[in-house]
Amino acid sequence: WSNSQRICEEITDETLILFGRIIADANQFVSSWGGDLVFVYLPTWMRYHDPDNSCNMGLTDFKYRDEVLSIAGDTGLTIIDVTQAFDAHQDPLSLWPFRIGGQHYNADGYKIVADTVLHSLEMHK
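Residues numbered from 1 in each chain as written. Predicted model: local features only at pLDDT ≥ 70, side-chain atom pairs only at ≥ 80, totals over all residues. Heavy atoms only, no water.

K.L.:
Got a minute to help me understand the overall build of the protein chain in this structure?
P.N.:
Broken down by element type, the protein chain carries six helices and two strands. Along its sequence from the N terminus, the protein chain presents helices and strands in the succession α-α-β-α-α-β-α-α. Scored against the burial criterion, the 125 residues of the protein chain give a buried share of 35%. Across the protein chain, contacts joining residues at least 24 apart in sequence account for 60% of those joining residues at least 6 apart. (Helix = DSSP H or I, 4+ residues; strand = E, 2+ residues; numbered from the N terminus. Buried < 20%, exposed > 50% of the residue type's maximum accessible area, 1.4 Å probe, protein only. Contact = heavy atoms within 4.5 Å.)

Here it is, written out as structure tokens:
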């Protein structure tokens, strides 16, 4: 698994500060032309595959999720957290192709993402 080392790395305070600056700059840029930046948080396969694995605790999904969402919220962004929709699904692993980890969902997973985003955007009008 080529991403295992990257997945297990800790996210430093400096990285979180940089993330906050990037989000703030992006929000300012989008606002400058009258747009609204929306932050969509997507859950990872590892969240559902092996949630008790100590390596997973380094993932944003587990250890840093609340902090990432807080940074985005403090910047004034609308936040859409798709994790709740995946958590509510009877078999979240079935939302990835062949139940195998990767960066992409299958059609059912993307449908949940799209439905969640559309519903949330309608609620924020």
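K.L.:
Just to check I follow, could you spell out helix α6 (residues 107-123) for this structure?
P.N.:
Along an α-helix, residues three or four positions apart point the same way, because every turn accommodates 3.6 residues. End to end, α6 covers 24 Å across 17 residues, agreeing with the expected 24 Å (1.5 Å per residue, within 8%). Along α6, the residues that are buried comprise Gly109, Ile112, Val113, Thr116, Val117 and Ser120. Projected down its long axis, α6 shows its buried positions confined to an angular sector of 125 degrees, all on one face. Residues Ala107 and Glu122 are exposed on α6 and point more than 90 degrees away from its buried face. Each element contacted by the buried residues of α6 is listed here: β1 (38-41), β2 (78-81) and α5 (83-88). Capping the start of α6 is the job of one residue whose side-chain oxygen sits 3.0 Å from the backbone nitrogen of Asp108: Asn106. (Expected span 1.5 Å × (residues − 1). Arc of directions from axis to C-beta. Polar contact = N/O pair within 3.5 Å; in protein donor to acceptor, adjacent residues only side chain to side chain.)

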